[in-house]
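Coordinate analysis (summary)
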Amino acid sequence: MSLYFAAGSETTEFTSAELKTALFQALDALGPRKKVLCLPPDITRFHSRAGELTRLAWEYYGDSLAAVLPAIGTHTPMTEAEIGHMFGDMPVSLFHVHDWRTGITTLGEVPASFIREVSEGALDFTWPAQVDNLVAEGGFDLILSLGQVVPHEVIGMANYNKNVFVGTGGSEGINKSHFLGAVYGMERIMGRADTPVRRVLNYASDHFAQHLPIVYVQTVVGKNNAGQLALRGLYVGDDVECFEQASALSLKVNFVMMEREIKKAVVFLDPSEFRSTWLGNKSVYRTRMALADGGDLIVLAPGVKEFGEDPTIDKLIRKYGYRNTPDVLEAVKNNPDLAGNLSAAAHLIHGTSEGRFRITYCPGYLTREEVEGVHYQYGNLAEMTQKYNPESLQDGFNDVDGEEIFYISNPALGLWAYRGRFQ
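Residues numbered from 1 in each chain as written. Predicted model: local features only at pLDDT ≥ 70, side-chain atom pairs only at ≥ 80, totals over all residues. Heavy atoms only, no water.

Considering the state of the cysteines
Put simply, the rule reads: Any pair of cysteine sulfurs within 2.5 Å is marked as a disulfide.
One pass over the full model with this rule turns up zero disulfides. Cys-242 provides the cysteine sulfur closest to Cys-38, a residue in no disulfide bond, and the two sulfurs are 15 Å apart.

Focus on the pairing of strand β16 (residues 396-400)
The condition that has to hold: Two strands pair if DSSP finds at least two bridges between them. In this text, helices come from DSSP runs of H or I with a minimum length of four residues, and strands from runs of E with a minimum of two, each type numbered from the N-terminal end.
Pairing analysis gives five bridges linking β16 to strand β17 (residues 403-408), with the strands arranged antiparallel. Within β17, the residue paired with Gly-396 across the bridge is Tyr-407. A loop of two residues connects β16 with β17, the two strands running antiparallel in sequence, and Asp-401 in this loop sits at a positive phi of about 55 degrees.

Considerations on the packing of aromatic side chains
Quick note on the threshold: Working definition: rings of Phe, Tyr and Trp (its six-membered ring) pair if their centres are within 6.5 Å, and the pair is stacked with planes under 30 degrees apart, edge-to-face with planes over 60 apart, and tilted otherwise. The cut-offs for exposure are 20% and 50% of the maximum accessible area for each residue type, with area from a 1.4 Å probe on protein chains only; residues under the lower value are buried, those over the upper are exposed, and the others partly exposed.
Evaluation of the coordinates by the stated rule reveals 11 aromatic pairs. Centre to centre, the rings of Tyr-60 and Tyr-61 are 4.8 Å apart; their planes meet at 80 degrees, and the pair counts as edge-to-face. Take Tyr-61: its relative accessible area is 9%, and that puts it in the buried class. Plain terms: the ring middles of Tyr-322 and Tyr-376 are 4.6 Å apart, the flat faces sit at 10 degrees to each other, and that makes the pair stacked. Remark: Tyr-376 occurs in the loop between α17 (368-373) and β15 (377-378) and Tyr-322 occurs in the loop between α13 (311-320) and α14 (325-334); sequence separation between them is 54 residues.

A closer look at the sheet that holds strand β6 (residues 142-148)
What counts is decided by this rule: A fitted line through C-alpha atoms serves as each axis, taken over the contacting stretch for helices, and the angle formed by two N-to-C directions is quoted from 0 to 180°. Here a residue-residue contact requires only that any non-hydrogen atoms of the pair lie within 4.5 Å.
If you trace the six strands from one edge of the open sheet to the other, you get β1-β10-β9-β6-β2-β3, paired in mixed fashion. Since the sheet does not close on itself, it has two edges, and those belong to β1 (3-8) and β3 (65-68), each with one partner. For this sheet, the mean inter-axis angle between neighbouring strands, taken without regard to orientation, is 20 degrees. Sheet topology places strand β2 (residues 36-39) next to β6; four bridges connect them, and they run parallel. By the bridge assignment for β6, Leu-37 is matched with Ile-143. Its contacts with the sheet put helix α2 (residues 50-61) on β2, β3, β6, β9 (214-223) and β10 (229-237), and the angle it makes with β6 is roughly 155 degrees.

Looking at the side chain of Thr-195
Assignment of secondary structure puts Thr-195 in the loop between α8 (186-189) and α9 (196-208). If near-sequence neighbours (up to four positions away) are discounted, Thr-195 is found in contact with Ile-155, Gly-156 and Ile-189.

Re empty space enclosed by the protein
Quick reminder of the rule: The pocket and cavity definitions rest on a 1 Å grid over protein atoms only: a 1.4 Å probe that fits but cannot leave marks a cavity, an open set with protein on both sides within 12 Å along at least five of seven lines marks a pocket, and residues lining either have an atom within 4 Å of a point. Grid points are joined across faces, edges and corners, and a volume is the space filled by probe spheres set on the points. Polar here means any residue outside two lists: the nonpolar Ala, Val, Leu, Ile, Met, Phe, Trp, Tyr, Cys and Pro, and the charged Asp, Glu, Lys and Arg; Gly therefore counts as polar.
Inspection of the entire model under this criterion finds two cavities of 30 Å³ or more. Taken as a whole, the largest cavity encloses approximately 550 Å³ of empty space. Arg-45, His-75, His-152, Lys-162 and Lys-282 are the residues nearest the centre of the largest cavity, which is lined by 36 residues in total. Those elements giving two or more residues to the lining of the largest cavity turn out to be β6, α6 (162-165), α7 (171-184), α11 (277-280), α12 (282-285) and α16 (342-350). At three residues, the largest contribution of residues to the lining of the largest cavity is made by α16. Of the residues in the lining of the largest cavity, the class split is 13 nonpolar, 16 polar and seven charged. Of the volumes computed, that of the second largest cavity is approximately 30 Å³.

Structural notes on the layout of surface pockets
Reported here for the largest pocket is a volume of approximately 330 Å³. If you trace the largest pocket, you find 17 residues lining it, with Lys-223, Val-253, Val-256, Asp-395 and Trp-416 closest to the centre. Of the pockets and cavities examined, the second largest pocket occupies roughly 280 Å³. Looking at the second largest pocket, it is lined by 15 residues, and the ones nearest its centre are Tyr-160, Ser-205, Gln-210, Asp-238 and Asp-239. The set of elements that each furnish at least two residues to the lining of the second largest pocket consists of α6, α9 and β9.

So, in structure tokens, the structure goes:
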């Protein structure tokens, strides 16, 4: 077990040249490899710098980099245009599409007794450690899992083995892991490196994946004083240590602990990154611990055109809507379609305010009827954008015609919490 590179701080800003030097130093330490697979995230994690790092790995290994498998989980496969935007001039022929329904190998099963333990008795099922067939059977002598460590709603802190077991995982593993996180409680999970879902994935790594030559390349990204994205840390290793170090830095960089609650938050969703509420609801997840009871969350979502990126999940969201936790759990008990897609059920729980604050979605493409049909309030995008213009707002508290609002330009980059609620 080794840590091949580790550097970063709250003020560090890696240049592209420094990033290349750091990655190449880590790859030098690994020694020669003949057949390499890269597992980067997809376009929805464009700001992770994983695209640049994958491109650098291709530069380093040349023809020995045999394949790239974007860890899309249940997301829509990347288009050629998205691949070009994120990975530059890498050959499209290197890229494979993850089939999370049928292209899966089960490495082993985490026992139900362990699930009962970590869920505090709430759940009683086994959990399959599933990965893409290419990961399990591709014969690679190096698998580079690349991505950003940042607070996350399902697992506490994103990345590390989540990129493998969820990003290239199968429907059952994805469904059950998301449901475990939702039932345990999002506000007990976010911003924590040690959570029930992480313990399950760590169990799988320790018991079923030791034969896979996985090395993790973890980034920490935050905004600098000029409001620009900066790479604050890079950690490369083959065990949990690189993730733990990245998590510790991410909490300093990405976690905003607030001394008072937010009465009205306005969140902008970049249309190139957020085209569904499945992804766009990071606006809900990442602000919920900072919003006051009776507060308002306004989501400016010019690119949002659907609820779920997967057609089946989209139908389930439209059918059941974002409802409070007891209602969703009751629906799971009584409806086989929802019980058979627990990640959709988890998403419905994650997307509700539990009646504590109001959520107003202002989508570019969905109608009022569609938005209100899933139990959100509808806002006219043009009117709301005119009132709360992202081009004139700064991240944080703003005064808009005598009204105090808290503006967030990208919810995926952080987690906001009122100190009194984060207990």
